[in-house]
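A closer look at the structure
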Amino acid sequence: ACSVRFDDVHFGYDPRRAVLKGLSFEAEAGKKTAIVGPSGAGKSTIARLIFRFYDVTQGAITIGGTDIRDVTQDSVRRNLGVVPQDTVLFNDTISYNISYPRPEATKDEIERAAQMAQIHEFVSRLPDGYETLVGERGLKLSGGEKQRVAIARTIIKNPPILILDEATSALDSETEAEILTSLNALASGRTSIVIAHRLSTIIDADKIVVVDGGVVAEEGTHEELLGK
Ligand code: ADP
Ligand code: ADP
C-alpha cells in the first residue's frame, strides 16, 4: 500500500496568485482521508497535483516515499483510480465500459465488479444513444447508474490509491446514500482520498483534513473536529 504525502506544497495556476501556500498532510496507506473546505479552497487542485496534471512550485508530493516528479506521469497514474462526478461512457456494452482499464479482465472478474457496484443486472446492455444496425436501443442510465459503471471500472483497474472528488455531488441524496455503499466497498483496503464539501459523505473517514486559505486549517478524526 502507498501513502500520499504533501510536504509544504505551494502552487498557483497563475504564478502571481497562489492557491496552495505551504500545504502539508499525509493520506496514510490503506486508510481513508477526507479533504474538506469551502468552495475555491483548492481541493480539486490537490487532486490534479496528485495526478501530476501540474507540478508544484515549491515543496513535494510523495507517493509511497517517492517524489512524483522522479517517475513518469504514466507510472503515477497507473496507481490512481478515480470516480469522477460525471462519467462518460463509451458507445459499447456496459461490460466493455467496465473492463476498459484492463481489457484482459475475465468475465468472472467483470461480473464480480458489477456485483460490488450493484449494476449486475445490466452488464450486457448498451449505453444510451447507442443503436445497433438491427435497431437494438441502448439503455438510458441515470447519473447514479453511470457512477456505478465508473465504480465497477475502477474495481477492475484495482489501483492502490483512490481519489474521489465530490463523486456523488451530482446525485440526489437518496441515490447518493445507495452509491456510498458501493463506494465504500471500492475504497476498502486502498489509500483513499475523498474530497467533499458535505461532511455527510465522509462520515467514516479515518482522518479529516480541513483546507482553507491554501493551507491545512485543522485535521483530526470526526470526533476530534466536532469536539472543538
Ligand atoms: P475547490 O475544489 O476547493 O472548490 P479548486 O481547486 O477547484 O477549489 O480551485 C482553487 C482556486 O483555483 C480557485 O480560486 C479557482 O478559481 C482556481 N482555479 C481552479 N482551476 C483553475 C484553472 N484551471 N486555472 C486557473 N485557476 C483555477
Ligand atoms: P488511463 O485510465 O487509461 O490510465 P489516464 O492516464 O488519462 O487514463 O488517467 C489515469 C486516471 O486518471 C484514470 O483513472 C482516469 O479516470 C483519471 N483521470 C483522467 N482525467 C482526470 C481528471 N481530469 N481529473 C481527475 N482524474 C482524471
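Residues numbered from 1 in each chain as written. Chains lettered and ligands numbered in written order. Predicted model: local features only at pLDDT ≥ 70, side-chain atom pairs only at ≥ 80, totals over all residues. Heavy atoms only, no water.

1. Re the site of ligand 1
Among the 13 residues in the neighbourhood of ligand 1, the closest are listed as Gly 40, Gly 42, Lys 43, Ser 44 and Thr 45. In the environment of ligand 1, an oxygen atom lies 3.1 Å from a nitrogen or oxygen atom belonging to the backbone of Ala 41. Relative to its unbound accessible area of 560 Å², ligand 1 is 63% covered by the protein chains. The class makeup of the residues in the shell around ligand 1 is five nonpolar, five polar and three charged. (Near = heavy atom within 4 Å. Polar contact = N/O pair within 3.5 Å; in protein donor to acceptor, adjacent residues only side chain to side chain. Areas by Shrake-Rupley, 256 points an atom, 1.4 Å probe, with all protein chains shown as cover. Nonpolar A, V, L, I, M, F, W, Y, C, P; charged D, E, K, R; others polar.)

2. Observations regarding the sheet that holds strand E2 (residues 20-27)
Strand order in the open sheet formed by four strands is E2-E1-E4-E5, and the pairing between neighbours is antiparallel. Pairing within the sheet leaves two strands with one partner each, and these edge strands are E2 and strand E5 (66-67). Relative to E2, strand E1 (residues 4-11) runs antiparallel, the two sharing six bridges. Paired with Phe 11 across the bridge in E2 is Leu 20. Packed on one face of the sheet, helix H1 (residues 43-50) meets E1, E2 and strand E4 (58-63) and runs near 115 degrees to E1. (Pairing = 2+ DSSP bridges. Helix = DSSP H or I, 4+ residues; strand = E, 2+ residues; numbered from the N terminus. Contact = heavy atoms within 4.5 Å. Axes fitted to C-alpha atoms, helices over the stretch in contact; angles between N-to-C directions.)

3. Digging into the packing of helix H5 (residues 143-157) against helix H6 (residues 173-187)
Look at H5 against H6: their axes get within 10 Å of each other, and the N-to-C directions meet at 0 degrees. With respect to their mutual orientation, H5 and H6 come out roughly parallel. Contacts between H5 and H6 pair Gly 144, Gln 147, Arg 148, Ile 151, Thr 154 and Ile 155 from the former with Thr 175, Glu 178, Ile 179, Ser 182, Leu 183 and Leu 186 from the latter. Broken down by class, the residue content of the contact of H5 with H6 amounts to five nonpolar, five polar and two charged. (Parallel < 35°, antiparallel > 145°, perpendicular 65-115°, else oblique.)

4. Topic: the pairing of strand E9 (residues 207-212)
Within a regular strand, the side chains alternate between the two sheet faces. Among the six residues that make up E9, five are buried, leaving the element largely enclosed by the rest of the structure. Relative to strand E10 (residues 215-220), E9 runs antiparallel, the two being bridged by five bridges. Paired with Val 211 across the strands is Val 216, a residue of E10. (Buried < 20%, exposed > 50% of the residue type's maximum accessible area, 1.4 Å probe, protein only.)

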